[in-house]
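Structural overview for review
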Protein chains: 6
Amino acid sequence: MSGSLWGRAQTAAVSQAYSTQAGGTMRLTGRYPIPNKKDLPYDIVELMEEVEMKTGFLPNVFSVMSHRPAEFRAFFAYYNAIMNKETGRLSKADKELIIVATSIVNRCPYCVIAHSALHRIYSKKPALADQVVVNWKLADLSEREQAMLEFALAVSHADNITEEHFQKLEAQGFDREDAWDIGTIASFFAMSNRIAHFIDMRPNEEFYTMGRIPRAKEKAETL
Amino acid sequence: MSGSLWGRAQTAAVSQAYSTQAGGTMRLTGRYPIPNKKDLPYDIVELMEEVEMKTGFLPNVFSVMSHRPAEFRAFFAYYNAIMNKETGRLSKADKELIIVATSIVNRCPYCVIAHSALHRIYSKKPALADQVVVNWKLADLSEREQAMLEFALAVSHADNITEEHFQKLEAQGFDREDAWDIGTIASFFAMSNRIAHFIDMRPNEEFYTMGRIPRAKEKAETL
Amino acid sequence: MSGSLWGRAQTAAVSQAYSTQAGGTMRLTGRYPIPNKKDLPYDIVELMEEVEMKTGFLPNVFSVMSHRPAEFRAFFAYYNAIMNKETGRLSKADKELIIVATSIVNRCPYCVIAHSALHRIYSKKPALADQVVVNWKLADLSEREQAMLEFALAVSHADNITEEHFQKLEAQGFDREDAWDIGTIASFFAMSNRIAHFIDMRPNEEFYTMGRIPRAKEKAETL
Amino acid sequence: MSGSLWGRAQTAAVSQAYSTQAGGTMRLTGRYPIPNKKDLPYDIVELMEEVEMKTGFLPNVFSVMSHRPAEFRAFFAYYNAIMNKETGRLSKADKELIIVATSIVNRCPYCVIAHSALHRIYSKKPALADQVVVNWKLADLSEREQAMLEFALAVSHADNITEEHFQKLEAQGFDREDAWDIGTIASFFAMSNRIAHFIDMRPNEEFYTMGRIPRAKEKAETL
Amino acid sequence: MSGSLWGRAQTAAVSQAYSTQAGGTMRLTGRYPIPNKKDLPYDIVELMEEVEMKTGFLPNVFSVMSHRPAEFRAFFAYYNAIMNKETGRLSKADKELIIVATSIVNRCPYCVIAHSALHRIYSKKPALADQVVVNWKLADLSEREQAMLEFALAVSHADNITEEHFQKLEAQGFDREDAWDIGTIASFFAMSNRIAHFIDMRPNEEFYTMGRIPRAKEKAETL
Amino acid sequence: MSGSLWGRAQTAAVSQAYSTQAGGTMRLTGRYPIPNKKDLPYDIVELMEEVEMKTGFLPNVFSVMSHRPAEFRAFFAYYNAIMNKETGRLSKADKELIIVATSIVNRCPYCVIAHSALHRIYSKKPALADQVVVNWKLADLSEREQAMLEFALAVSHADNITEEHFQKLEAQGFDREDAWDIGTIASFFAMSNRIAHFIDMRPNEEFYTMGRIPRAKEKAETL
């Protein structure tokens, strides 16, 4: 399971791009203790090491959630079930865009900064997440992306969801199963944003610049 | 795992109290198909049958979520990890009260009606959940319960959570681990409320009256 | 006047259903003194005794408002003029539904709990008021009831009321006089909700369960 | 009753000041028919003629409400009971100030314009109501008036009213009975504002300028 | 430049109407010192004297802003550029109406009271600004004025402005340059309202009654 | 004047850092025509060329505002008076932080993206503006910066500003003149944000990455 959990494609991209940027001096959450690896169950350590090796750093959400192993497993199993799902019409960039757009409503630093970075990497559009953070209605989005975010935000706001909401999605080629995917990602991050708030989870320093520099330049830098 | 998932204590209580009330004509959600048992994975069927046998009816959340087995498993594993946790200072009634108080903010019919019923059963206070639904600040709550709900609602509103929030909890005897429990339940139902909205999940008919009649009368009725 | 004030039909229904439930230990308001009957004007005592005899208990609003006899008379005269009006298309259940739907906006415990009970009795629909309390848009309402509540809520929110509002009512068979009735009930309870808040008026215990049990069972119980 | 209903003192003041300004071309409400005097019950005609004779014009609220005689009687009986009450610490100007401050929240043209006029007359402060309409917190109010309006606005907003609210009033010399008066006026106009909205009740033209010109000048003008 | 800054037409109208009303006892802001004329740069004194001579009093905004001469110059240059512009379809009364309607949203006493007065003078409609202050949607406005205010308020609320907004203006005869004018006035007063708040700028006493009395009467008074 | 208008220090910093990044393919506003330089007054062209030469590109606000030369001059004169003021305790980074924090409230893409870039350059803190954009209360700010932003945001929200607001500033070493500066910047950008919205002004592409890369790396890249 762990292999697909954080996602091979993603971690590969990240590790290539940011291998020189490890060792940040991030301020980790001070509210709950971060367990030592030696005190963690083996399956959790294994997952963390795989992610860290591929990414070049361990995103703070893994450290912080390991304080509660049973919840760690359920959280990442759910995350994996919706984010690394093979079926449906949502690309990895679409999913990250949903997370960015809904997490800014809840003003969640970790979720916005980390998933903006992942969006930049998957979409190859270095400015779009920043635009969505400021004002998604004015961002350079396709009509399809607009419809996707409009549905995601209605779910995120806990609006009553009506048939009209589904019809607007259908007009852009999303079926009911895609609606479920969009709605579940928005709902899962409604949870994650709130957990991040009470834990005071902070983004790793690496996320701020990840995916902002065109590949060519990065290569040059790493020489 | 399934044994503790929905919780033995809870289902036992429910089955005793409501065995005569099965057979409602609830309107189930029409948005997503409910799979036939024969098409479901064995572990999911096993869990559903155990719950149904003990409760006297199958709460709709089980039917509806089985449309996506991987998500079903993660959802109930997470639910189980926080709701059936043995440690900490939160009673079963406390946890249900948190769910009622936060779910009414999101105006979630399933969550409010079902968990009001569970609160009545665990607390033996038949009017308190109704009071919380109307106006938690005017409900007949202890100071401890007020502090618990104040924290839960701050998390539910995605407020920035500060040290002051934790200190108010501590003044009522809740430590940081209890705060995590309260915060996680509020966060998990921030997710569940939203999923229920886009699926259009409806409460089973049985929940409306569950726990409203004192035990003595029920006994008499079942004779 | 007093005969029709609280309404014969209503009190009869209530007295049949709840004659065994008198003697609750409700927490009455502590903010203002409740006068002794012997100190009250005769017309007020007469009205209270009539209501109490028929209902099986005296709803707290009568006790509390008797602190100011002139206001008591005006309040119940107004209540009577709109609630016990013989003409128009609003049924007694319709009127109670308006009160429930608008009072939950103001989070008024007395008004929501008491009038939910009255709605259950008049409508014979034991779950509908609970649904409206949680989320009227998702409740099992007819289109006619939805239009009625939409107008009532617009009045309750002190929205500007336009011709379009009246046209939506007309499309469901309500004329201008019905609109006046709906609007006045919503307005009167905008007042009542606020009075209940500063007086800290609490619902009688009896209201919580009133009308929840089908008649057949009640009969059996009272034997 | 009618003698004190609209208030002798008030109507006298008004008739002196504005006897030259009758005959405006106000736009009356077009939503509900205004009955002819000859079709109205005698007690209602009597009250209207008394008010008109003393004031120099008939405020529109009387015309409009006469469409429903029973409600007319209850409405003005309630109005009279709270506005022309002899006891308590609220002056006539205080009561009008409460009406202005709460009615602007609901953006009610009739209530704001008419009662601003009455406030100017009773208070002899021609600018204060205008200030309260724009921003009561920045108006030239005494601490006593501020406390009075703060309570009135809390009631008007349907806030939960706590002991702290009463203590703030007490610090300015208002007892519990005064609190009842303030709260009831705020509540009664919560109703009136909403009735005015659905009836589309408009202020008489005379109200806009009433009380703006110092008495000396008026005298000179009327010569 | 100063000649057109405050506007010749306007000051002439004002000076005729209010020359007898100078000498009010306004409460000026106490937060920042008002410089003595002798300490002010010559161009600022010249502008102030011209305005005062023509108007009969010096509007407080001139005194208060002179605390910062460079900002005074920029503020009134901008004001002049948009308010005394010769081209476009906005009349002077239109511009004042925009200021009144947007400034009440920000509850700015100086801006609402002063520009209501100017609107009365330019429009010869003594009640319209008062109506807009209470509830612009219910004011006696033409469709053209409604469209103008709807656009101004959208800008004032910092809404995203879309092509649809411009089309609604065009339907009432306003082109893109008029839209720029409306939008800039709304934006400039979004700034002015906020400056007035932190400086605690108060309206001159004269503004409250300015333009309320028909010309004929005023003439008579000044004899 | 033009020399200090956009600020020598600033443009120098920008031109050094971003000289290799000119030539973006930004989407300029399409709502209003951008004049050709040859049709613009000489003083405006001069200012634009100076800025462009030093910065390496012409920020869109200059192009867009040149559509109205008189307003262009007043806008930048005001901007200059408050942003390039030599006195007071606000650093250039402080001023940019105020703009970022208040402009995100109004969701203004140009203002947030452009001034986040300027903040990164002046502060040498590449992540702070991003943090403020997401949630200023959780950003890594000093107490002094928090007090500054709290005041700026109160002004931006058009709150009533009280003595308490000033005292909180004083506790962090800001005097009344500094308060004026903070308040005026917040007010000026309340205007600018709204102008940007109706003009649909977009950030230049260069701003998104400006100041994100440490100087050493940039040097290396430009070789």
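Residues numbered from 1 in each chain as written. Chains lettered and ligands numbered in written order. Predicted model: local features only at pLDDT ≥ 70, side-chain atom pairs only at ≥ 80, totals over all residues. Heavy atoms only, no water.

1. Some details on the relation of the copies chain C and chain D
It takes a turn of 180° to lay chain C on chain D, together with a shift of 0.0 Å along the axis; the resulting RMSD is 0.0 Å. Taken together, the rotation angle and the small translation identify this as a two-fold axis. A shared interface surface links the copies, since 100% of the contact residues of chain C are contact residues in chain D too. (Least-squares fit on C-alpha atoms with pLDDT ≥ 70 in both. Contact = heavy atoms within 4.5 Å.)

2. Notes on the UniProt feature "domain: Carboxymuconolactone decarboxylase-like" (unreviewed entry) in chain A
Sequence positions flagged by UniProt for "domain: Carboxymuconolactone decarboxylase-like" (unreviewed entry) are, in local numbering, residues 69-127 of chain A. In this annotation, residues 69-127 of chain A is assigned 75% helix and 0% strand; the end-to-end C-alpha distance for the span is 36 Å. (UniProt positions renumbered as here; feature names shortened; annotations may be inferred. Helix = DSSP H or I, 4+ residues; strand = E, 2+ residues; numbered from the N terminus.)

3. A word on the domain arrangement of chain A
It is common to give the size of an interface as the accessible area that goes away when the parts come together. All names here are of chain A. What the domain assignment reports for chain A is domain 1 (36-84) and domain 2 (89-209). Its C-alpha centre places domain 1 at a distance of 22 Å from the equivalent point of domain 2. Summed over both sides, the interface of domain 1 with domain 2 buries roughly 1,400 Å², with 73% coming from carbon and sulfur. Interface area lost by domain 1 to domain 2 is led by Phe57, Ile82 and Met83, which between them contribute 41%. (Domains from an automatic or database assignment. Buried area = accessible area lost by both parts, 1.4 Å probe.)

4. Here we look at the packing of aromatic side chains
Here the distance between the centres and the angle between the planes together describe a pair of aromatic rings. Scanning the model with the defined rule gives 96 aromatic pairs over all chains in all. With a centroid separation of 6.3 Å and an interplanar angle of 65°, the aromatic rings of Tyr79 of chain B and Phe189 of chain B are classed as edge-to-face. Placement of the pair is Tyr79 of chain B in helix H5 (residues 69-83) and Phe189 of chain B in helix H11 (residues 176-199), with a sequence separation of 110 residues. By relative accessible area, which is 3% here, Phe189 of chain B ends up buried. Here Phe75 of chain D and Phe188 of chain D contribute two aromatic rings whose centre-to-centre distance is 4.9 Å and whose plane-to-plane angle is 45°, an arrangement assigned as tilted. (Phe/Tyr/Trp six-rings, centres within 6.5 Å; stacked < 30°, edge-to-face > 60°. Buried < 20%, exposed > 50% of the residue type's maximum accessible area, 1.4 Å probe, protein only.)

5. Thoughts on the nonpolar core
In terms of nonpolar packing, the biggest core is built from 445 residues, with Met65 of chain C, Met65 of chain D together with Met65 of chain E touching the most fellow members. With near-sequence residues (within four places) excluded, Met65 of chain C lies in contact with Glu71, Phe72, Phe75, Phe76, Ile195 and Ile199 of chain C together with Tyr78 and Trp180 of chain D. (Core = buried A, V, L, I, M, F, W, Y, C linked by side-chain atoms within 4.5 Å.)

6. Section: the interface of chain B and chain A
The partner chain A presents 42 residues to the 43 residues of chain B that form the contact. Summed over both sides, the interface of chain B with chain A buries roughly 3,700 Å², with 62% coming from carbon and sulfur. Our count for the contact surface shared by chain B and chain A stands at six salt bridges. In this structure, Arg68 of chain B and Glu177 of chain A form a salt bridge, with 3.0 Å as the shortest nitrogen-oxygen distance. For the interface between chain B and chain A, the tally reads 20 residue pairs in polar contact (both at pLDDT 80 or more). Of all elements in the fold, only helix H4 (60-65), H5, helix H9 (143-156), helix H10 (163-170) and H11 of chain B reach the threshold of two or more residues within the side of chain B that touches chain A. The element contributing the most residues to the side of chain B that touches chain A is H11 of chain B, with 16 residues. When grouped by side-chain class, the residues that make up the side of chain B that touches chain A number 23 nonpolar, ten polar and ten charged. (Salt bridge = Lys/Arg side-chain N within 4 Å of Asp/Glu carboxyl O. Polar contact = N/O pair within 3.5 Å; in protein donor to acceptor, adjacent residues only side chain to side chain. Nonpolar A, V, L, I, M, F, W, Y, C, P; charged D, E, K, R; others polar.)

7. Topic: the relation of the copies chain B and chain A
It takes a turn of 180° to lay chain B on chain A, together with a shift of 0.0 Å along the axis; the resulting RMSD is 0.0 Å. Taken together, the interface assignments show that 98% of the residues at the interface of chain B recur at the interface of chain A, consistent with an identical surface on both copies.

8. Concerning the interface of chain C and chain D
Facing 42 residues of chain C, the contacting portion of chain D comprises 42 residues. A buried area of about 3,700 Å², summed over both sides, lies between chain C and chain D, and 62% of it is on carbon and sulfur atoms. Remark: the boundary between chain C and chain D carries six salt bridges. For Arg68 of chain C, the salt bridge goes to Asp181 of chain D, with nearest N and O atoms at 2.7 Å. Linking chain C with chain D are 20 residue pairs in polar contact (both at pLDDT 80 or more). Those elements that provide at least two residues to the side of chain C that touches chain D are helix H4 (60-65), helix H5 (69-83), helix H9 (143-156), helix H10 (163-170) and helix H11 (176-199) of chain C. Among the elements that take part in the side of chain C that touches chain D, H11 of chain C stands out by supplying 16 residues, more than any other. Class assignment of the residues belonging to the side of chain C that touches chain D gives a composition of 23 nonpolar, nine polar and ten charged.

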